[in-house]
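Each chain is listed here by its residues.
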Amino acid sequence: MRLFEVQDLQVKYGNIEAVKGISLHIDQDEKCIAIVGPNGAGKSTFVNAVTGLVEWAGEVLFAGQSIRGLSNRRLVQTGLVQCPERRYLFDFMSVKDNLLLGAYNAPKDGTVSIDQVFDLFPVLRDRVNQQAGTLSGGEAQMVAIGRALMASPKLLFLDEPTLGLAPIIRKNLIEALKEIGERGDIAVCLIEQNVKVSFEVAHRVYLMREGRIVKSGLAEELEADSEIQKVFLGV
Ligand code: ATP
């Protein structure tokens, strides 16, 4: 049985077909896969669909069970959690309170504590009482990821976590993402525009354009593919 399986997923906004029938999966033992594509490819729409935020057609199975009809709250309790691209922190609340809010819908046997978030992102320990709105972009991203972790996900969707960050911050974040994967009990589905980041972190990669998966494979295989180099790396 696979951890996660999507079959012919379609999402429409009125007449706009944002996701045009995509199929993908995550195996039980996979720690991190990535979905990569340019602006408007439909990546965030995919994440919003499988976390219960937009209507979809097709089939989505988590641990062998269909998630059809489950609310976002139920999906979080089941273990499907997203960290959205726009972060949506509560600017006037402290780092600690933003993090604690993430645990609001966590299952009772949740396995992630605030101390574990601080171990992953030590800088947040020093910022614990600081208002979230006063954080740097990198720190805010760490709070957003930490808050998603506080829900004790089994599968965590990270929507463009490195977008707009300085190279050194991006590097630190990539290390933290690898560490999450190495914990072994949380699988990560990384959503990226940056194909290089995805090759660095993910075991397997799906390339998405205009609502469709156009190619998929092991990161190391795709990295060596000259067509991918041309289309997705612009070289
Ligand atoms: P980005 O990397 O820029 O976030 P993306 O790959 O995540 O892009 P989506 O945000 O999923 O792409 O958008 C896919 C398509 O759906 C785009 O054409 C977008 O304009 C459209 N779209 C997204 N959200 C809505 C919405 N709420 N209403 C109408 N159209 C939408």
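All figures in this text were calculated on a predicted structure; none of them were measured in a lab.

Engineer: How do you make sense of the layout of surface pockets when you look at a structure like this?
Structural biologist: If a probe as big as a water molecule is rolled over the atoms, it shows which places are left empty. Roughly 640 Å³ of volume is contained in the largest pocket. If you go around the largest pocket, you meet 24 residues; those closest to its centre are Gln82, Cys83, Pro84, Tyr88 and Arg147. Residue assignment for the lining of the largest pocket shows that the elements contributing at least two residues are helix H1 (43–50), helix H2 (72–78), strand E6 (80–83), helix H3 (95–102) and helix H6 (137–149). Broken down by element, the residue count for the lining of the largest pocket peaks at four residues, all from E6. Of the residues that constitute the lining of the largest pocket, the class distribution is 13 nonpolar, seven polar and four charged.

Engineer: What is the right way to read the site of the ligand from this model?
Structural biologist: The ligand sits among 14 residues. The nearest are Asn39, Lys43, Ser44, Thr45 and Glu160. With respect to the ligand, the side chain of Asn39 contributes an N or O atom lying 2.7 Å from an oxygen atom. Separating an oxygen atom of the ligand from a side-chain N or O atom of Glu160 is a distance of 2.7 Å. Here the ligand loses 61% of its free accessible area of 630 Å² to cover by the protein chains. If you list the elements that add at least two residues to the shell around the ligand, you get strand E2 (16–26) and H1.

Engineer: What's the story with unusual backbone geometry in this structure? I'm lost.
Structural biologist: Most peptide bonds adopt trans geometry, and most residues besides glycine take a negative phi value. For Arg87, which is not a glycine, the phi torsion comes out positive at approximately 70°. Checked against the element boundaries, Arg87 lands in the loop between E6 and H3. The phi dihedral of Tyr88 falls on the positive side, at around 50°, and the residue is not glycine. For Tyr88, the location among the structural elements is in the loop between E6 and H3.

Engineer: What should I look at first to understand helix H7 (residues 167–183) in this one?
Structural biologist: Under the 1.5 Å per step criterion, the end-to-end length of H7 is 25 Å for 17 residues, consistent within 8% with the ideal 24 Å. Every buried residue belonging to H7 is among Leu173, Ile174, Ala176, Leu177, Ile180 and Gly181, and all of these are buried. One side of H7 holds all its buried residues, which, seen down the axis, span an arc of 165°. Along H7, exposed side chains directed more than 90 degrees from the buried face belong to Ile168, Lys171 and Glu182. After H7 finishes, the residue Gly184 shows a positive phi value of roughly 90°.

What counts as what
Per chain, residues are indexed from 1 in the order of the written sequence. This being a predicted model, a pLDDT of at least 70 is required before a residue's local features are given, and a value of 80 or more before pairs of side-chain atoms are given or counted; all residues contribute to the totals for chains, interfaces and linings. Excluded from the side-chain calculation are hydrogens and water; included are all heavy atoms of the structure. A cavity here means a set of points on a 1 Å grid, drawn over the protein atoms and nothing else, where a 1.4 Å probe fits but cannot get out; a pocket is an open set with protein on both sides within 12 Å along at least five of seven lines, and a residue lines either one if it has an atom within 4 Å of a point. Grid points are joined across faces, edges and corners, and a volume is the space filled by probe spheres set on the points. Helix and strand assignments come from DSSP, with helices taken as H or I runs of at least 4 residues and strands as E runs of at least 2, each series counted from the N terminus. Under the scheme applied here, ten amino acids are nonpolar (Ala, Val, Leu, Ile, Met, Phe, Trp, Tyr, Cys and Pro), four are charged (Asp, Glu, Lys and Arg), and all others, including Gly, are polar. For this description, a residue counts as near a given molecule or strand if any of its non-hydrogen atoms is within 4 Å of it. For this analysis, a polar contact is any N or O atom pair within 3.5 Å, provided that within protein one partner can donate a hydrogen and the other can accept it, and provided that sequence-adjacent residues contribute only side-chain to side-chain pairs. Computed with the Shrake-Rupley method and a 1.4 Å probe, the accessible areas treat only the protein chains shown as cover for residues. To estimate how far a helix should reach, multiply one less than its number of residues by 1.5 Å. For the exposure calls, accessible area comes from a 1.4 Å probe over protein chains only, and a residue counts as buried if that area is under 20% of its type's maximum, exposed if over 50%, partly exposed in between. The arc in question is traced by the directions running from the helix axis to the C-beta atoms.

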